[in-house]
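Structural characterization, general
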Amino acid sequence: MPVEGSNYQQPTPDGHFGQHGGRFVAETLVHALDQLSALYDELKSDPVFIRELQEDLAQYVGRPTPLYFAQRLTERLGGAQIYLKREDLNHTGAHKVNNTIGQALLAKRMGKPRVIAETGAGQHGVATATVAARLGLKCQVYMGSEDIQRQSMNVYRMKLLGADVIPVTSGSKTLKDAMNEALRDWVTNVDDTHYIIGTAAGPHPYPMMVRDFQSVIGNEARAQILQARGSLPDLLVACVGGGSNAIGLFHPFVDDVDVRMVGVEAGGRGLETGEHAAPLNAGRVGVLHGNRTYLMQDDDGQVMATHSISAGLDYPGVGPEHSYLKDIGRAEYVSVTDDEAMQGFRMLNRTEGILPALESSHAIAWVAKNAPAMSVDEVIIVNLSGRGDKDILTVAALDGITL
Amino acid sequence: MSRITSCLKNLKDSGRTALVPFVTAGDPVIDITPAIMHGLVDGGADIVELGIPFSDPEADGPVIQAASERALANHVRLLDVLEVVRVFRLTNATTPIILMGYLNSILGMGEGLFAQRAGDAGVDGVIMVNMPPEESLSLRKVLDPVGIDIIFLVAPTTSDERARKIAAAASGFVYYVSLKGITGAGHIDVESVRTNLERLRKLINLPLLVGFGIKNGTTARAVGQHADGVVMGAALVQTVAAHADAPHTIPAALTHQLKEVREALDRP
């Protein structure tokens, strides 16, 4: 929800963040987006809806999540004080559920009995299947056939929760193609279906709405750090694929101009190889999936195949608000490679007894590289956006072990 | 008066229904596309719609997705598509040509450069599936001076208020999407098309052409009784796919297929 008295007023009423965002969709969907915008505008200040959402977040998701001081990691790196925002401790194991809880309540209000979702790593699919089961909604999840292979545990979790997982075999068979297919489903079944987009991207109002639902992360973290230390942090760090966990952490701090914000993209095998998923570092502005934003594309406007060790970051676009924060210089966007992310993963395993998701390991890896050069008086909050149980098979395979 | 406007006016004056076939440019190979376009005109096409191959055709069904993939496998670029139009224009100066696709293709080239090149090549209109009028201002600014129409879609879900807004932004004609869904989908509900067109005619003072779900002469005729024209895509693209191993046979096959539709439309 918007910060009271904020100087930062984005997006514009028609969904633009500077030159980014907007609503680039087939005409058939415009009516549904108008309806969704109107309903959301009404509900976001409706005390009954807000209470319902807060109760669900407390009783079902398990919020607030701790802001945990990572003492051994801090000592190991010997620089800034490192706090982890423990989104991995949410029900279903990642931040994704903050958004699906909110959107499922919207679907219920709209009287739509069916929800669909796209998923990459499977975390958003699981979070959608979970809330659908709880509210008795029919649920279908589109997932690239490549991702189905590398995230087989999450696929099975979704099935246990009663969702249909539909393999997508077009294009690169990953998250972007799953999103294409979900859009095709929605345009066909728009009367009875709500599309729960999992990241802060897509046509207006999704980037704004997902940001608002995820802002619970930053709102809690802000209050928690003030309580723990009596002052705001110096630096916020989060991984960025579509960017929902990052915008959720960043947004409540946007007006705090002394708080530096760093988003970490997936550098894959290295930016110089072209095999990565870092549009804010190496992309150009384009239009895909309903919004204008930085995009990995060739010079003919064809969207390029991406690579990341982490399925959840393996996406050629990025939420439009991140593109805007980059343009205005309010946030910085960097990248770390697959190998560095793995080092971050292992470092957190052994210093703190935490298995982070490979997505979140990118943020840890950047901190591991940069915290040592910072002063011990400085404070970093890292968004630990999800837990790594889903990645065990991938990590084992890298170690040459078959489980 | 633009080539599209005068074409549709002439048809209306003579009481005929416009027939607008769609194929994807460069499917299966770019060299055959000009011959395919002439073949479509021989089969009775009044306007030819050429798809720009795109990596992420989010409003298209499997048939037209596959056409894009075939073309992209041969590295067909927007520049090649414009070259095809130029070559077609060498021997046909009258049939309007519309490019249909997704906005990022044009953005990739740059809107200004695209407008200049498309104008030079002889393009008459563009349909950008994922560009509603609200997001069209910058493209319109560069296409107006070169006389290229922007054709917008209206859908069964389009409200009256929105239909007026679309009419204000559109030129050439307005494309009514006959069903909720993707290209090549489903069964067309002619009664719903009729009532929606009746509603839209009161709001939109441009010709209304109907696409999505036109598969053959029978569906074309049923819809054509209520519309100013029909657009037929997936059924033709299927023919292209079936002949992909022998591209030189495609133009004649499409001529044959389209003639049946033309005759059904023209039958008294």
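Our structure's up above, just so we're on the same page.
This section reports on the structure supplied with the text. (Residues numbered from 1 in each chain as written. Chains lettered and ligands numbered in written order. Predicted model: local features only at pLDDT ≥ 70, side-chain atom pairs only at ≥ 80, totals over all residues. Heavy atoms only, no water.)

Once that is clear, we can look at the pattern of salt bridges. Following the criterion strictly, the structure yields 44 salt bridges over all chains and no others. A salt bridge links Arg 86 of chain B to Glu 83 of chain B, with the nearest nitrogen and oxygen atoms 2.8 Å apart. Linking Arg 86 of chain B with Glu 83 of chain B, this pair stays in helix α4 (residues 78-91), spanning three residues, or about one helical turn. Looking at Arg 86 of chain B, the relative accessible area reads 37%, which means it is partly exposed. Judged by its relative accessible area of 36%, Glu 83 of chain B falls in the partly exposed class. Taken together, the shared-partner salt bridges in this structure form one network comprising Glu 27 of chain A together with Glu 134, Arg 162 and Lys 165 of chain B. (Salt bridge = Lys/Arg side-chain N within 4 Å of Asp/Glu carboxyl O. Helix = DSSP H or I, 4+ residues; strand = E, 2+ residues; numbered from the N terminus. Buried < 20%, exposed > 50% of the residue type's maximum accessible area, 1.4 Å probe, protein only.)

The next thing to look at is the packing of α4 of chain B against helix α6 (residues 111-121) of chain B. Residues and elements named next belong to chain B. Across the interface, α4 lies against α6 with an axial gap of 8 Å and an inter-helix angle of 25 degrees. The angle between α4 and α6 falls in the class roughly parallel. Contacts from Leu 78, Leu 79, Leu 82, Val 85, Arg 86 and Arg 89 of α4 reach α6 at Phe 114, Arg 117, Ala 118 and Ala 121. Of the residues belonging to the contact of α4 with α6, the class tally is seven nonpolar, no polar and three charged. (Axes fitted to C-alpha atoms, helices over the stretch in contact; angles between N-to-C directions. Parallel < 35°, antiparallel > 145°, perpendicular 65-115°, else oblique. Contact = heavy atoms within 4.5 Å. Nonpolar A, V, L, I, M, F, W, Y, C, P; charged D, E, K, R; others polar.)

Here the focus is the sheet that holds strand β5 (residues 149-150) of chain B. Residues and elements named next belong to chain B. Reading across the sheet, the nine strands line up as β5-β4-β3-β2-β1-β9-β8-β7-β6 and stay open at both edges, with parallel pairing between neighbours. Each edge of the open sheet carries a strand with a single partner, namely β5 and β6 (152-154). Sheet topology note: the β6/strand β7 (residues 174-177) ladder contains three bridges and is parallel. Its bridge partner lying in β7, Leu 153 is registered against Tyr 175. On the sheet, helix α2 (residues 33-42) packs against β1 (18-24), β2 (48-51) and β3 (97-101) and is oriented at approximately 150 degrees with respect to β2. Packed on one face of the sheet, helix α12 (residues 250-266) meets β1 and β9 (229-232) and runs near 155 degrees to β1. (Pairing = 2+ DSSP bridges.)

With that settled, the discussion passes to the environment of Leu 143 of chain B. All names here are of chain B. Summarising the element assignment, Leu 143 is placed in helix α7 (residues 137-143). Classification of Leu 143 as buried rests on a relative accessible area of 0%. Setting aside its immediate chain neighbours within four residues, Leu 143 contacts Phe 114, Ala 115, Val 126, Ile 148 and Ile 150.

All names here are of chain A. Pairing is parallel in the open sheet, where four strands are placed in the order β7-β6-β5-β8. Every other strand in the sheet has two partners, leaving β7 (164-168) and β8 (193-195) as the edge strands with one partner each. Within the sheet, the average angular offset between the axes of one strand and its neighbour, ignoring direction, is 25 degrees. Of the strand pairs in this sheet, strand β5 (residues 114-119) and strand β6 (residues 138-144) are connected by six bridges, and their pairing is parallel. In the sheet register, Ala 117 faces β6, and the bridge partner there is Val 141. Contacts from helix α5 (residues 123-135) reach β5 and β6 within the one sheet, and its direction differs from that of β5 by about 165 degrees.

All quantities given are derived from atomic positions and should not be read as evidence of function.
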